[in-house]
Amino acid sequence: MGLLPYKNEPYLDFTDEEVRRGLDDAFKQVEGDLGKSYPLRIGESRIDTDGEIVSVNPSKPSQVIGRTASATEREADMALSTATKTFEGWSRTTAEYRARIMLRAAGIMRRRKLELIGWEVYESGKVPSEAVAHVAEAIDFLEYYSREMLRLKDGVPVYSLPGEESRYFYQPMGVGVVIAPWNFPLAILTGMSSAAMVTGNTVVLKPSESTSVIAAIYADIMAEAGLPEGVMSYLPGYGSEMGDYLVSDPRTRFVSFTGSMNTGLRINELAAKPNGQPWIKKVLAEMGGKDAMVVDDDADLDSAARDIVLSAYGYGGQKCSAASRAILHEKVYDTVLEKVVEQTNNLNQGQPTEPGIDLGPVINHDQFEKVSGYLETGKGEGELITGGDTTDPESGYFVSPTILGVNPRATVAQEEIFGPVLSVIKANSFENALEIANDTPYGLTGGVYSRNREHLEIARHEYQAGNVYFNRTITGSLVGVQPFGGFGMSGTDSKAGGPDYLPQHMLPRTVVERF
Ligand code: NAP
C-alpha cells in the first residue's frame, strides 16, 4: 500500500476565532444530540436491555449525555459467541484489507474532529485543548497501527540453514476482550481495539460506564468505516456485573485492559485460572501511576515550575501520567514551590465549554468523594499549601487545584488519587530525590529537571518508570514518538503506540521447509 509516512495528527488552536466558532457549532450539535439511547451492538443485532447506564455531564450532573444499554452475562455470552464465529473469517482477511478499514475510520474521525472534541468535553469534562489532543491520539493510533500491521504482515527475517527456508511470521490469536477507562474515552478505546482488530482478532469492547456514549459513537464510526458486523461488539455494562464473566470465559483468548491497579490485578488473576480453554490467556494490563517530577538544584526553575503545573493539572490530574508528586531539591524547594503555587492559583477552573478555562471537574460522584477523602487525609498528614476546596457535587464535581506539603511515605504521596492534587516533597540531594521517586509500587512516568549531565545519565538508567522525560512535561505521550506503558504495578509495559505493541496481539509462528 502506498501510504505517506506516519505523522502525528495536528492539534487545533482555539484562540483562533474561526476555529473557536467551529467548536461552538460543534457544542451546539452535541447539545442537540444529548439524551439519546444507544443499544448494544452484537453482530447484526441492536439490543436494548432492561437495565441502562445513564451517562451525565460531570460539569453539570443534571444534564444527561445519553443512555446506553447495560449488558449482563447473557449479552456477554452472545458477544463472545459472535466474536468466536466472526474470528474464522476475519482472521483470514489480509492485513491490507483490515488496515484500509482502520485508515477509513481515521479519516472519518478527522472529518468529525470538532464534534468528537465536543463529546469529550460534555461527557468527560475535558477542556477543548485537552480534548483535541486526545482525539488526535485516537486518529494517530489508527494511522500508526495500520502502518505497523503492513510492516509486520509478512513476518520478520530470520536465518535459514543451507537448503532450507525458515519463515517467522505472525497469526491472529482469537477473541480479545477490550476493557477501557474513562479518562481517554476515545483514544485508549480506539488504540486498544484497533490494535486487536488490525492484527486479525475479533473484539468484545467494554467501555467505562462513565463514558459509554463516546464509545457508542466510536462503534458507529467503525461501522461506517466498513468494519464487518461481529468483528467488534459494543458491550457497555457495569464491570462489577459482567467483567469477571468476560475475563473468565474460555472463549476469551486475551484481555486488553487499561484502568486501575486493583481492577487490573483482579483481571490478571482471573484470566490465569484454567477454565476449560486450551490456552493460557494473555493479559495486557496498563494500570495506574504515582508519577513524580524531580527538580535538581541546578535546574531551570521557571521551566520546571511551569511543567510541574501543566503535568499536575492537565485534565484535572486525571491522567495516568499526571505529576502527582513534585520532589524538590532542598536548595530550590522554596523558590520552585512559590512559583508552582502562584501558577496553580492562576488556573481558571470552570465549565469546560467556556473559553479560557484550564481545568474542569473530576469525572463522577465516586471520584469526587474519593478525591475529597484524600484531601482530608493529606491535611492530616502534612500541610495544605493551596486549594483543598470542593463544590456542591450536585452542581458539578469540582475539586480545586490543590498542593499538599508532605513526607514521601504519606498516603497521599503513595496512593494514586487521580485528581488535581499535587504532593510536594523535599529531598536533601539528587540521589535522595530519585530514591523517593522510585519508592512507590508504581512506575509509569517520571520526570527530571536538571542541567547536570551525570545526574541525567543516572536517571536514564535508575529511574524505575516506563516513560522518563528530562526537562519537559511528563504527560501527553505521542503515538509513534513516545511509546507508552509502565513498570511495576503500573502494568505489563505493553508500550501502546510503539513498535512492540502489535506483536503482543498475535502468535508468532515458525515454518521451516527443506528443499
Ligand atoms: P477502573 O475503575 O479500573 O475501570 C477500568 C475499566 O475496568 C472500566 O471499563 C470498568 O468498568 C472495568 N471494570 C471494573 N471492574 C471490572 C471487573 N471486575 N472486571 C473487568 N472489568 C472491570 O479504572 P478507571 O477509573 O476507569 O480509570 C482510571 C485508572 O486507569 C487510573 O488508575 C489510571 O491511572 C488508569 N489508566 C492507566 C493508563 C495506562 O496507560 N497505564 C491509561 C489511562 C488510565 P466500569 O466503568 O463499569 O466500572
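Bear in mind that the values here come from a model prediction, so they are computed numbers and not experimental data.

So, on to the site of the ligand. As a matter of local geometry, the ligand sits amid 30 residues, with Ala-180, Glu-209, Ser-260, Met-287 and Glu-416 nearest to it. Contact distances for the ligand include 3.2 Å between a nitrogen atom and a side-chain N or O atom of Asp-244. Between an oxygen atom of the ligand and a main-chain N or O atom of Gly-259, the distance comes to 3.2 Å. Coverage of the ligand by the protein amounts to 88% of the 910 Å² it exposes when considered alone. Assessed atom by atom at 2 Å from the grid points, the ligand resides in the largest pocket. For the shell around the ligand, the secondary-structure elements that each account for two or more residues are α8 (239-248), β10 (252-258) and α9 (261-272). Here the shell around the ligand spans two domains, since at least three of its residues come from each of domain 1 (17-287 + 493-514) and domain 2 (291-478).

What follows concerns the side chain of Asn-183. With respect to the helices and strands, the residue Asn-183 is situated in the loop between β7 (175-179) and α6 (187-198). Of note is the side chain of Asn-183, whose polar atom sits 3.1 Å from the backbone oxygen of Gln-318.

What the seven strands build is an open sheet, ordered β14-β15-β16-β13-β12-β18-β19; its pairing is mixed. At either margin of the open sheet sits one strand with a lone partner, and together these are β14 (383-386) and β19 (467-470). Going across the sheet, the axis of each strand differs from the next one's by a mean of 25 degrees, ignoring polarity. In this sheet, strand β13 (residues 323-329) lies alongside strand β12 (residues 291-295) in parallel orientation, the contact comprising five bridges. Within the sheet, the bridge partner assigned to Met-293 lies in β13 and is Ala-326.

Quick look at the packing of helix α2 (residues 73-90) against α8 now. Direction vectors running N to C along α2 and α8 enclose 35 degrees, while the axes themselves pass 9 Å from each other. When the axes of α2 and α8 are compared, the crossing they make is right-handed. Where α2 abuts α8, its residues Glu-73, Ala-76, Asp-77 and Leu-80 lie against Glu-241, Met-242, Tyr-245 and Leu-246.

Here we come to the sheet that holds strand β1 (residues 36-38). Adjacent strands of a sheet form backbone hydrogen bonds with each other and so pair up, either parallel or antiparallel. Strand order across the open sheet formed by three strands is β1-β5-β4, with mixed pairing between neighbours. One side of each edge strand has no neighbouring strand; the edge strands of this open sheet are β1 and β4 (52-57). On average, adjacent strands in this sheet sit at an angle of 35 degrees to one another, irrespective of strand direction. Both β4 and strand β5 (residues 60-69) contribute to a ladder of six bridges, which runs antiparallel. Its bridge partner lying in β5, Asn-57 is registered against Lys-60. Contacts from helix α4 (residues 113-124) reach β1, β4 and β5 within the one sheet, and its direction differs from that of β5 by about 115 degrees.

Each value, and the rule that gives it
Residues numbered from 1 in each chain as written. Predicted model: local features only at pLDDT ≥ 70, side-chain atom pairs only at ≥ 80, totals over all residues. Heavy atoms only, no water. Near = heavy atom within 4 Å. Polar contact = N/O pair within 3.5 Å; in protein donor to acceptor, adjacent residues only side chain to side chain. Areas by Shrake-Rupley, 256 points an atom, 1.4 Å probe, with all protein chains shown as cover. 1 Å grid on protein atoms, 1.4 Å probe; cavity = no way out; pocket = protein on both sides within 12 Å on 5 of 7 lines; lining within 4 Å. Sits in = over half its atoms within 2 Å of the grid points. Helix = DSSP H or I, 4+ residues; strand = E, 2+ residues; numbered from the N terminus. Domains from an automatic or database assignment. Pairing = 2+ DSSP bridges. Axes fitted to C-alpha atoms, helices over the stretch in contact; angles between N-to-C directions. Left-handed = near helix turned anticlockwise from the far one by under 90°. Contact = heavy atoms within 4.5 Å.

Any link to function would need more than the numbers given here.
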